[in-house]
Amino acid sequence: QARALILDVDGTLAETEEAHRQAFNTAFAGAGLDWRWERAVYKDLLRVAGGKERIRAFDDARDGQPPLLSDSEIAELHQIKTSLYAELITKGGCPLRPGIRALLDAARQRGQSLAIATTTSYQNIDVLLSASLGKDWAELFAAIAAGDEVRRKKPAPDVYLKVLSKLNLPASQCLAIEDSGIGLAAASGAGIPVLISRSAYFSDDDFSGAVCTVDDLTELTGMSEDGPEA
Ligand code: XBP
Ligand code: MG
């Protein structure tokens, strides 16, 4: 049994990407930009982790046109996107994926530590988990590493190395739970075994480096009498 479970947020704890996408699009419209990220475009853009980085990559790649936004304009636009995302999650909610709550409970019962390693901001995790787990949600986690705490976002291993140092545990005694190929690369790069719970946007990524791939975490429950094997 792993001593700690390290959870990704977007796509793993909840299917949040449609709310992110909607927030990006509303922010673009509000800024007078005629950009609109449809689902197929967003799927490609998700190869770039991080909202600010994603906007930069999109702006740089627009057909034959020079980049429109400076880094500080992107930061400002992203701030607006973050507020819109918070509004969407607070008003409409975004449920935890099936099996997540059972996994959190089972981990606690087994004395396993829980941690978070994400590309998104602490603010976004707070909005999401306050809505689903209550305002004291952070007490459930021994360590949290969020996007802007590290220089390089996933697929770089930085956020996982950060969380390992906060947990003070070796990589081999942890298990990362991820939904994307870039998340798998990030955790593997830090030496952590990875379990994949397939999500809407990344279901056809290459997960051959994972120790196990499931459609959702309910597949783990019932694997042993004591609950999930993870
Ligand atoms: C997912 C991401 C994020 C979100 C948007 O990260 O790549 O960038 O799409 O959030 P993870 P921000 O799966 O590691 O949680 O705009 O706050 O970056
Ligand atoms: Mg993810």
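Sequence order sets the numbering: in each chain, residues are counted from 1 along the sequence as written. Both sets of labels track the order of writing: A upward for chains, 1 upward for ligands. The predicted nature of this model means local features are confined to residues of pLDDT at least 70 and side-chain atom pairs, given and counted, to a pLDDT of 80 or more, with totals for whole chains, interfaces and linings taken over all residues.

Participant: Outline the sheet that holds strand β5 (residues 194-197), supporting the account with residue identities and numerical values.
Facilitator: If DSSP finds at least two bridges between two strands, the strands pair. Secondary structure counts use DSSP, requiring at least four H or I residues in a row for a helix and at least two E residues in a row for a strand, with both numbered from the N terminus. Judged by pairing direction, the sheet is parallel, and its six strands sit side by side in the order β3-β2-β1-β4-β5-β6 without closing on themselves. The strands lining the two open edges of the sheet, one partner per strand, are β3 (143-145) and β6 (212-214). Averaged over all adjacent pairs, the angle separating strand axes in this sheet is 20 degrees, with direction ignored. Where strand β2 (residues 113-117) meets β3, three bridges bridge the pair, whose relative direction is parallel. What sits directly across from Ala115, in β3, is Ala143. Only the stretch in contact is used when fitting a helix axis, every axis being a line fitted to C-alpha atoms; angles between N-to-C directions are given from 0 to 180 degrees.

Participant: Can you break down the site of ligand 1 residue by residue, with the values?
Facilitator: Near residues are defined by distance alone, with the backbone-placed C-beta atom required to lie within 6 Å of the molecule or strand. In the vicinity of ligand 1 there are 17 residues, among which Val9, Asp10, Gly51, Thr118 and Thr119 approach most closely. Classification convention: Asp, Glu, Lys, Arg as charged; Ala, Val, Leu, Ile, Met, Phe, Trp, Tyr, Cys, Pro as nonpolar; all other residues, Gly among them, as polar. Class assignment for the residues of the shell around ligand 1 results in two nonpolar, 11 polar and four charged. Looking at the shell around ligand 1, you find at least three residues from each of domain 1 (4-15 + 95-219) and domain 2 (17-92). Annotation comment: domain bounds sourced from an automatic or database domain assignment.

Participant: Explain helix α6 (residues 122-133) to me, and be specific about the residues and the numbers.
Facilitator: Because an α-helix packs 3.6 residues into every turn, residues spaced three or four apart end up facing the same way. Buried within α6 we find Asn124, Ile125, Val127, Leu128, Leu129 and Ala131. Once C-beta atoms have been placed from the backbone, residue pairs whose C-beta atoms lie within 7 Å are recorded as contacts. At its buried positions, α6 is contacted by α4 (71-92) and β2. Following α6 by one or two positions, Gly134 adopts a phi angle in the positive range, close to 95 degrees. Residues with at least 20 other C-beta atoms within 10 Å of their own are called buried, those with 12 or fewer are called exposed, and the rest are partly exposed. The C-beta atoms themselves are positioned from the backbone.

Participant: Outline the pairing of β5, supporting the account with residue identities and numerical values.
Facilitator: Burial of β5 is two-sided: the residues Val194 and Ile196 facing one way and the residues Leu195 and Ser197 facing the other way are all buried. As paired strands, strand β4 (residues 174-178) and β5 are joined by three bridges and run parallel to one another. Its bridge partner lying in β5, Ala176 is registered against Val194. Clockwise travel from the first strand over the helix to the second, with the strands pointing away from the viewer, marks a crossover as right-handed. For the crossover from β4 across helix α8 (residues 181-189) to β5, the handedness is right-handed.

Participant: Which residues make up the pairing of β2, and what values do they have?
Facilitator: Pairing of strand β1 (residues 4-7) with β2 involves four bridges; the strand directions are parallel. Following the sheet pairing, Leu5 is matched in β2 by Leu114. Note that the unit made of β2, α6 and β3 has a crossover that is right-handed.

Participant: Any chance you could break down the environment of Leu96 for me, citing the residues and the numbers?
Facilitator: Inspection of the secondary structure assignment puts Leu96 in the loop between α4 and α5 (100-110). A C-alpha to C-alpha distance of 6.8 Å links Leu96 and Ser132, two positions 36 residues apart in sequence. Each residue touching Leu96, except ones within four places of it in the same chain, is listed here: Leu13, Ala14, Arg101 and Ser132.

Participant: Provide a residue-level description of the domain arrangement of the protein chain, including the pertinent values.
Facilitator: Each assigned domain of the protein chain is listed here: domain 1 (4-15 + 95-219) and domain 2 (17-92). When residues of the side of domain 1 that touches domain 2 are assigned to their parent elements, the largest contribution, five residues, is made by α6. Residue composition of the side of domain 1 that touches domain 2, by class: six nonpolar, six polar and four charged.

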